[in-house]
Amino acid sequence: MVESFDAGGVACHVLVDGGRTVSPRFVFRGYDDDVQGPFVRPYLDAEGKLAGRFAALLIESADGHVLIDAGLGPFAGPLDGGRVRQELEILGVQPWDIRTVIITHGHADHVGGLLGPRKEPAFPDARHVIHRAEADFWASEDAGELPDDAGGPAIAALHALLQADLLDVIGGDLEVAAGVRAIEAPGHTPGHLAVVVNDGLLWAGDAVISQLNVPHPEWVSAADMDGAANEATRRALLARAADHGLVLAASHLPVAGSIVRDGDGYVLVER
Ligand SMILES: [Zn+2]
């Protein structure tokens, strides 16, 4: 069952790539159970873990199909993931039907599926949009030196896309297809992008990595490269969603909903 949204007449479909449960200590940097525990405990499962998922988004733009991220693909390994292709098939969409791919950022759970089994571009007729700061980071020595070869999937994907002349590097906010606006949302990674669809849906990528970040925008993710920058981005995105009546959804959030201000934070009202 694919979850779908209507963003002012534009259909959007959440493609669930896989899922996992994670200890809050691995979600939030410097997790303090005395301070954060009371807020976190209602969301924990019997093993004391938070539910998460890996997800991409398909948008039926008037300019053709737009895909945001591509899941783990062949890099899933022991993780539960790599199902974006099957999710597209369920919707009757073939890889060559995709006209635009927006790469929110270069982590493996977002770019792994950009290449097929022979390391060829998985979406051969799509231009692949990425922010310049993101492309520059994954082309730098720093990315090649990340532990556990964490940069491997992004380096391989960007290289193959560049070779195939399918990479489109942008320098700021841009409408990449009718009703689909990529917006700068740095902090999780240097050139992270979020996406606004037809003034109806805000896809936050990994700028909002947990639903607990809605009431607590100040809780920095352990995976953020620049936690302070991402907190500022997260606050700006939540304010935008609240002020413009956007439904907030994101890669790892198990829920989606509208955003209402509440003191220093916000409340997510599930759809
Ligand atoms: Zn992610």
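In case you missed it, the structure is sitting above this.
Residues numbered from 1 in each chain as written. Predicted model: local features only at pLDDT ≥ 70, side-chain atom pairs only at ≥ 80, totals over all residues.

Caption draft 1: Structural detail: the overall build of the chain. Tallying secondary structure elements over the chain gives eight helices and 14 strands in all. Principal axes of the C-alpha set define a box for the chain whose edges measure 50 × 45 × 35 Å. When contacts within the chain are restricted to residue pairs at least 6 apart in sequence, those whose partners lie at least 24 apart make up 68%. (Helix = DSSP H or I, 4+ residues; strand = E, 2+ residues; numbered from the N terminus. Contact = placed C-beta atoms within 7 Å.)

Caption draft 2: Inspection of the sheet that holds strand β3 (residues 50-61) at higher detail. Read from one edge to the other, the open sheet built from seven strands follows the order β1-β2-β3-β4-β5-β6-β7, with strand pairing classed as mixed. The outermost strands of the open sheet, each flanked by one partner alone, are β1 (3-7) and β7 (167-170). Across the sheet, the axes of successive neighbouring strands diverge by a mean angle of 25°, strand direction being ignored. The pairing of strand β2 (residues 10-22) with β3 spans ten bridges and is antiparallel. (Pairing = 2+ DSSP bridges. Axes fitted to C-alpha atoms, helices over the stretch in contact; angles between N-to-C directions.)

Caption draft 3: Structural context of the sheet that holds strand β14 (residues 265-270). Here seven strands make up an open sheet; going across it, the order is β8-β9-β10-β11-β12-β13-β14 and the pairing mixed. Single-partner strands in this sheet number two, and they are β8 (174-177) and β14. Neighbour-to-neighbour, the strand axes of this sheet turn through a mean angle of 35°, independent of strand direction. Sheet topology note: the strand β13 (residues 257-262)/β14 ladder contains six bridges and is antiparallel.

Caption draft 4: Summary view of the environment of D226. Along the chain, D226 turns up in the loop between β11 (201-203) and α8 (227-244). Between the alpha carbons of D226 and G187 there is a distance of 4.8 Å; along the sequence they are 39 residues apart.

Caption draft 5: Summary view of the pairing of β1. With five bridges joining them, β1 and β2 adopt antiparallel strand pairing. The partner of D6 across the bridge, within β2, is A11. The hairpin formed by β1 and β2 contains two residues between the paired strands, and G8 there has a positive phi angle of roughly 55°.

Caption draft 6: How the structure looks around the environment of Y31. Along the chain, Y31 turns up in the loop between α1 (24-27) and α2 (33-40). For the pair formed by Y31 and V220, sequence separation is 189 residues and the distance between their alpha carbons is 9.3 Å. Discounting chain neighbours no more than four positions away, the residues touching Y31 are P24, R25 and Q36.

Caption draft 7: How the structure looks around α8. For α8, with 18 residues, the first-to-last C-alpha span of 25 Å sits near the 26 Å given by 1.5 Å per residue. Listing the buried residues of α8 in full gives N230, T233, R234, L237, L238 and A241. Down the axis of α8, the buried set is contained in an arc of 130°. They therefore lie on one face. Residues of α8 that are exposed and point over 90 degrees away from its buried face: A228 and D243. Phi turns positive one or two residues past the end of α8, at G245, with a value near 65°. (Expected span 1.5 Å × (residues − 1). Buried ≥ 20, exposed ≤ 12 C-beta atoms within 10 Å, placed from the backbone. Arc of directions from axis to C-beta.)

Caption draft 8: Spatial organisation of unusual backbone geometry. A positive phi is found at D148, a non-glycine position, where the angle reads about 55°. When you line up the elements, D148 lands in the loop between α6 (141-144) and α7 (152-163). Phi is positive for D165, which is not a glycine, with a value near 60°. Turning to its location among the elements, D165 is positioned in the loop between α7 and β7. According to the C-beta neighbour criterion, D165 is exposed, with 8 such atoms within 10 Å.

Caption draft 9: Quick look at the nonpolar core. Residues I102, V195, V197, L202, W203 and L248 are the most contacted members of the largest nonpolar core, which totals 76 residues. Among the elements that take part in this core, β3 stands out by supplying seven residues, more than any other. Excluding residues that lie within four positions of it along the chain, I102 makes contacts with V66, I68, V129, V176, A182, L193 and V195. (Core = buried A, V, L, I, M, F, W, Y, C linked by C-beta atoms within 7 Å.)

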